Each structure stands twice: as structure tokens, then as C-alpha cells.
Amino acid sequence: MSREVNGFCKKCGFKYDFFKNYYYRCPKCGSPLDIRYDRSWNPEGRGLNRYSSMLPISVLKSVGEGSTPIVVREYNGLKLWFKLEYLNPSGSFKDRGSSLALSHAYKLGYKRIMEDSSGNTGLSVSLYSYIYGLSATIVIPKYAPSGKKDLIRLFGASIVEAPTRTDAARIALEMAKNSTIYYVAHTWNPLYPIAYKTIAYEVFEQGFHGDAVVVPIGSGGLALGLYWGFRDLYELGLIDNIPLFIGVQGVSSKPVYERLYGVVNIQGSSELADGILVREPPRLEEIAAIFKETKGCIVLIDNSDIIYGLKKLIGYGFIVEPTSASVIRGIEKAIEFCSLNNLKEVLVPLTGSGLKMLDLLVKLIKL
């Protein structure tokens with residue numbers, strides 16, 4: 001696929017050629033960057049490359065990312081469309097973004113890759129770095145599940161441990177000053193939310209025409225990508241309405257909730273959901289706007305809500321990690337606290353596999 005693709009900054013107007021340069025954020029003002037390119041709806045084939053005409057770059061070396069199944073279940077009078085994103089190659093939806101980002105790095109000629117992560121993105125980046133023959137370093141919190149660390153090492157990546165997720169980002173930013181390194185920066189890199197648009201495209205083709213989407217919010221890339229994807233479908237005239245969005249954040253880290261509703265002091269912990277422990281999402285304003293524009297809401301969950309969700313999902317046969325399980329109580333709380341009593345069909349992306357942390361799941365669920 002050959003087309004003109006340009007990166008730009010909405011805030012200051014900086015522009016660059018996507019296929020000649022790489023910036024993980026604007027070099028002039030430090031804001032997140034976006035990508036401008038021509039799009040057309042011409043799905044063909046499977047996986048992410050089915051939607052190459054809607055993406056800025058194709059996946060150069062696919063390992064089967066995308067085309068994940070849908071399972072529909074009834075729950076408390078709702079029809080829940082579970083999108084099994086944990087069945088991607090490395091066990092999470094992050095493979096969609098990593099497949100595009102590493103294709104970009106490879107096309108630009110980088111040999112060294114770096115990323116900071118709570119676990120899933122690090123594993124995903126390690127997998128694709130291995131496939132492309134690139135050297136990867138992953139900066140990860142020391143408390144990340146050992147199963148994820150073992151898999152990162154299995155793909156030949158080096159690990160740098162940090163005290164917290166925030167420290168991991170700080171260390172990675174310092175290391176990223178080396179211009180020979182492609183710093184993936186998934187919380188900044190526009191290729192990640194662009195790749196997540198394909199989830200919306202897939203569920204549309206799989207028959208979902210429901211009224212809501214529930215999604216865990218860490219850096220917010222998944223919510224942003226899903227919104228962009230449904231917006232594309234709406235602008236193309238393929239759907240009549242963009243579904244409302246329900247965001248789920250933990251009481252331990254709730255920046256989008258507080259941006260919308262003000263600072264709150266809530267007792268408890270949500271540390272089990274390590275995937276949503278992001279305190280400073282770079283695209284905070286864009287993410288918050290989704291819930292205003294779709295007339296949705298953000299709800300907060302704690303560890304007891306997460307364990308509750310894990311048990312419910314295990315009952316359906318879904319072996320997912322705690323972050324994925326947060327959405328079950330998220331739906332219930334949205335109905336209770338946000339007056340969303342008219343919901344009928346809800347899209348529920350299950351984002352990460354629990355097989356990478358079985359020891360923890362057994363302790364938490366105690367069946």
C-alpha cells in the first residue's frame with residue numbers, strides 16, 4: 001500500500017513525513033501527535049490487514065493479530081457482546097497496536113526498540129520485536145506478574161525493573177533520548193488507538209449494532225480507538241449512531257473520572273487491575289471528551305468489584321486478567337449511578353488473558 005501519510009500536532013501545527021521520521025510526541029510543544037491519511041472502506045482478507053485501506057500502514061509480518069471472535073451472552077436482562085481480545089497472539093488487544101508500531105519501526109530501519117509497560121504492551125512489543133529480528137528493552141514495574149516477565153524474556157527482550165508504573169515511564173523517557181532507539185511509547189503513539197479502530201470495524205461486520213460500549217480506562221487508547229472506529233463507520237454511513245461509552249477506572253488511579261466530575265477521596269484499592277493504573281494519560285482531554293460527546297459516563301471500581309467480575313467471567317468460560325474483569329461491575333454501576341437504564345446491547349472487549357497470571361487468579365477466585 002503506497003499513499004501519502006503525514007504526522008501533525010493539533011496544538012502547535014508541527015508536521016512531518018510519517019515514512020521518513022518518527023516522533024513519539026511533538027518535538028516543539030510536547031503534545032501527542034496524530035496522523036493524517038486517506039481512507040476508504042474496502043475490507044478484504046483477515047486480521048488487521050483486512051482494513052489496510054482504513055489504516056496508515058499495513059502489518060508487514062503478521063502473526064495472526066485481529067479477527068478475534070464474538071460471544072454473546074445474556075446478563076441481567078442485557079445482551080453482552082464479548083469481544084475476545086485476549087485471544088490475540090500475545091494474549092491481549094495490545095497486539096493490534098504493536099503490529100503497526102513495529103511495522104513502522106522496521107520500515108524506518110530501526111534496530112533497537114524500547115517500551116515501558118505494566119506488562120501486556122511489553123510482552124506484545126517483545127513478541128513483534130522478535131518476529132522482526134529487532135533488539136527490545138522493556139521497562140516494567142517490579143510488581144508486574146512474573147508470568148508476563150518470563151514471556152518477555154522468552155522473546156529475547158531485556159527487562160529493566162522500576163519501583164512503580166510511573167517510574168517505568170520516567171526511566172523510559174530518559175533512555176529514549178538515544179536517537180537510535182525506537183521508543184514505542186504506546187500511551188503517546190497514535191498508531192495504537194488507530195489500530196484499535198479495527199475492533200470497531202470487526203464487531204460491526206460481526207453484527208454488533210448495540211447502544212453502548214464498556215471499556216477499562218488506563219491510558220485511554222482503547223476507548224479512543226473504539227470511538228474513532230465507530231466514528232469512521234458513522235461518517236461512512238454504515239451505522240446510524242455512535243454508541244455511548246462507559247469507562248471503568250479504579251479508585252487507586254482515576255484521572256479521567258476526576259477530569260469529568262472533580263477530585264474525590266474514595267477509600268479502597270484497585271491495585272489488582274494493574275492495566276489501568278495510569279495516573280497521567282497523555283490524551284486526557286481527548287478521552288474525557290468521548291464520554292461527554294456520547295452521553296456516557298465513567299464509573300469507579302475496587303478490588304472487590306474486580307474479584308466479582310472474575311468469578312462472573314469464569315462462569316462464562318472466559319479466563320481473563322483482573323483488568324478485563326473490571327467491566328462487569330462497571331456495567332452494573334453505570335446503570336445504577338449514571339441512569340443508563342435503557343441499555344439493551346453492550347459491547348464488552350475482554351482485553352487480556354488470565355493464563356499469564358493463573359497463580360493469582362486461583363488465589364483470588366478460590367472456587
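Before going into details, it helps to say that this report is about the structure given with it. (Residues numbered from 1 in each chain as written. Predicted model: local features only at pLDDT ≥ 70, side-chain atom pairs only at ≥ 80, totals over all residues. Heavy atoms only, no water.)

**As for the pairing of strand S8 (residues 158–162)**
Here comes step 1: In this sheet, S8 lies alongside strand S7 (residues 135–141) in parallel orientation, the contact comprising five bridges. Across the sheet, residue Ile-138 finds its bridge partner in S8, namely Ile-159.
Here comes step 2: The parallel pair S7 and S8 is bridged by helix H3 (residues 146–154), and the resulting crossover is right-handed. (Pairing = 2+ DSSP bridges. Helix = DSSP H or I, 4+ residues; strand = E, 2+ residues; numbered from the N terminus. Right-handed = clockwise from strand over helix to strand, strands pointing away.)

**Concerning the sheet that holds strand S5 (residues 78–83)**
Here comes step 1: Taking strand neighbours across the sheet as the criterion, the six strands line up as S4-S5-S13-S10-S11-S12 in an open arrangement whose pairing is mixed. This sheet does not close on itself; its edge strands, each paired only once, are strand S4 (70–75) and strand S12 (297–301). The mean angle between the axes of side-by-side strands here comes to 25 degrees, regardless of whether they run parallel or antiparallel.
Here comes step 2: Relative to strand S11 (residues 244–250), strand S10 (residues 212–216) is paired through five bridges, and the arrangement is parallel. Bridge pairing links Val-214 to Ile-246 in S11.
Here comes step 3: Contacts between helix H9 (residues 303–316) and the sheet are confined to S4, S5 and S12, with S4 contributing the most and set at about 110 degrees to the helix. (Axes fitted to C-alpha atoms, helices over the stretch in contact; angles between N-to-C directions. Contact = heavy atoms within 4.5 Å.)

**What about the side chain of Ser-118?**
Here comes step 1: Along the chain, Ser-118 falls in the loop between strand S6 (112–116) and helix H2 (120–132).
Here comes step 2: Aside from chain neighbours lying at most four places away, what touches Ser-118 is Ile-140, Pro-141, Ala-144, Pro-145, Arg-165, Asp-274 and Gly-275.

**Brief notes about the state of the cysteines**
Here comes step 1: Across all of its chains, the model carries one disulfide by this definition.
Here comes step 2: Sulfur-sulfur distance for the disulfide between Cys-297 and Cys-338 comes to 2.3 Å. With the S-S dihedral at roughly 95 degrees, the linkage between Cys-297 and Cys-338 falls on the right-handed side. Of the two residues, Cys-297 sits in strand S12 while Cys-338 sits in the loop between helix H10 (322–337) and strand S13 (345–349), which places them 41 residues apart along the sequence. (Disulfide = S-S within 2.5 Å.)

**Some details on H10**
Here comes step 1: If you check H10, its first and last C-alpha atoms are 22 Å apart, about what 16 residues at 1.5 Å a residue would give, namely 22 Å.
Here comes step 2: Within H10, the axis deviates most sharply at Arg-329, by approximately 30 degrees.
Here comes step 3: Taken from the residues just after H10, Ser-339 is the one with a positive phi, measuring 60 degrees. (Expected span 1.5 Å × (residues − 1). Bend = angle between axes of the 7 residues up to and from the residue.)

**Points about the nonpolar core**
Here comes step 1: Counting residues in hydrophobic clusters, the biggest one holds 78 residues, and the most contacted among them are Leu-102, Ile-113, Tyr-182, Leu-226, Phe-230 and Phe-245.
Here comes step 2: The element contributing the most residues to this core is helix H5 (residues 191–205), with 10 residues.
Here comes step 3: With sequence-adjacent residues up to four places away left out, Phe-245 is seen in contact with Val-213, Val-215, Ala-223, Leu-226, Tyr-227, Phe-230, Ile-290, Phe-291, Thr-294, Gly-296 and Cys-297. (Core = buried A, V, L, I, M, F, W, Y, C linked by side-chain atoms within 4.5 Å. Buried < 20%, exposed > 50% of the residue type's maximum accessible area, 1.4 Å probe, protein only.)

These figures come from the coordinates and say nothing about function on their own.
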